[in-house]
Amino acid sequence: MNLQTDEVKFRLQRFQQLLNQHQIDLALIINPLNIFYFSGTFAKGFLLISPKEVKLLINRPWERAKKETLIPCEPIKSLKELPLIISSLRSKGSLGIEKENIPVRDFLRYQALLEGYSFIAIDQLILETRAVKTPYEIECIRKAGKMLDKALKRALPHFKPGIKELEASAILEKELRILGHPGLTRSLNGFELTFGYLISGKEGLKATPSYTGEGGEGVPCFPGGASYKKILKEDEPILIDFSGYHQGYYIDQTRMVSFKKLPYAHEVYQGSLYILKELKEFIKPGLNGDEIFAKAKELAEKTGLGSYFMYSDGDLGFIGHGVGLQIDEPPVLGKKQKMTIKENMVIALEPKFHLPEVGVIGVEETFLVTKEGLKSLNTTSTKWKILKRSV
């Protein structure tokens, strides 16, 4: 399943409608990931979109990009060529630009080069376009879930007591890499992440600088996730928060495993599944992130473990997020988040409890928002898996 010209045209038309609504005559897109979304090629260059015209200027790699792109393109060798090209499309005035994705140094350079234009931020308009997924994108995310499920089934039989977290993580990472995962999970907020987090026991409670559903020791200068710690105890819960990948798109998923049944941890896990089930029935188009988070907090209080809910070095303030070309796209399902949930958005819900002396217990599932409610895109069972003690 490859990206088609009609798909790209549909995305461009949706974005052009937003430009019209916000009275923006021309958008200048620089972020390679957004260029990929609107053109089908990941390149260094510039994408110019007006309500009636689209022009892709490629700096590099020219030969590869011109074969991959699904829209008209031409080479651009120097930034100095940009003002003349832009002026041919519109007279001086307002110009939409990605202010949040451009380093200050580059932004100042564009300001000097495009003197006479007033810059308008279009970051949210791009993300708003990307947030509502097409059937093609939904199928990519679904296939990413199948990849992750297949990798888990191959890797888990090789886990055994005494294995290091890093080694266990590497076993799963190897299977994902063989299946086509790039080894990097892109983040909207600059969160540095490879395939995901595999953590065990109370060490998983160690917080990270980023707002994530769990933490972990990690390795020096990369806090979070797997560490050199050995999974020595058979009574430790093991949390696996990993991404699957297909054609640029991710799926997010957390599952719990252990080497024997852990009565208290299993009881807490039932609380996470209860919250997930209730949220699945509660969430409909028209709600916003703040309302969904408030409902999750209400449900967590009913479990009797409200004070441990989504709590890592303080209240995390969220219960989920959008998923797509990046693992943490809008909408954010958290405090004071007012973006409206719409049909065909893809969201991940991750109700987790941070329990002293036990660790992080929880689940994460990626859903498609429909008129009737949420439909899971994951393939892996949410049942807590008991691993065999030997290979």
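Calculation rules
- Residues numbered from 1 in each chain as written.
- Predicted model: local features only at pLDDT ≥ 70, side-chain atom pairs only at ≥ 80, totals over all residues.
- Heavy atoms only, no water.
- Pairing = 2+ DSSP bridges.
- Helix = DSSP H or I, 4+ residues; strand = E, 2+ residues; numbered from the N terminus.
- Axes fitted to C-alpha atoms, helices over the stretch in contact; angles between N-to-C directions.
- Contact = heavy atoms within 4.5 Å.
- Polar contact = N/O pair within 3.5 Å; in protein donor to acceptor, adjacent residues only side chain to side chain.
- Domains from an automatic or database assignment.
- Buried area = accessible area lost by both parts, 1.4 Å probe.

J.: Any chance you could explain the sheet that holds strand 2 (residues 44–49) here in plain terms?
T.: By way of backbone hydrogen bonds, the strands of a sheet pair with one another, either parallel or antiparallel. Spatial ordering of the open sheet is given by 4-3-2-1-5-6, a layout of six strands whose pairing is mixed. A single partner strand is all that each edge strand has here, and the edge strands are strand 4 (73–75) and strand 6 (118–121). Each strand of the sheet is rotated relative to its neighbour by a mean of 25°, with strand direction disregarded. With four bridges joining them, strand 5 (residues 94–97) and strand 6 adopt parallel strand pairing. Each bridged residue has a counterpart across the sheet, and for Leu95 the counterpart in strand 6 is Phe119. Sitting on the sheet, helix 4 (residues 82–89) is in contact with strand 1 (27–29), strand 2, strand 3 (54–60) and strand 5, with an inclination near 15° to strand 2.

J.: Explain the side chain of Asp241 to me, please; I cannot follow it from the model alone.
T.: Its location among the elements puts Asp241 in strand 8 (residues 238–246). Polar side-chain contacts of Asp241 include one of 3.4 Å to the side chain of Thr254. At a separation of 3.2 Å, a polar atom in the side chain of Asp241 contacts the side chain of Lys352. In this structure Asp241 touches Gly196, Tyr197, Glu214, Asp252, Gln253, Thr254, Glu350, Lys352 and Glu364, once residues within four positions along its chain are discounted.

J.: Help me understand the domain arrangement of the protein chain, please; the structure alone is not making it clear to me.
T.: In many reports, interface size means the accessible area that the parts give up when they come together. What the domain assignment reports for the protein chain is domain 1 (5–130) and domain 2 (132–386). Here the C-alpha centroids of domain 1 and domain 2 sit 34 Å apart. Across the boundary between the two partners, domain 1 contributes twelve residues, which contact 15 residues of domain 2. At the boundary of domain 1 with domain 2, total buried surface from both sides reaches about 1,200 Å², with 55% on carbon and sulfur atoms. Among the residues domain 1 hides against domain 2, the three largest losses belong to Leu33, Leu127 and Arg130. Together they make up 43% of the total.

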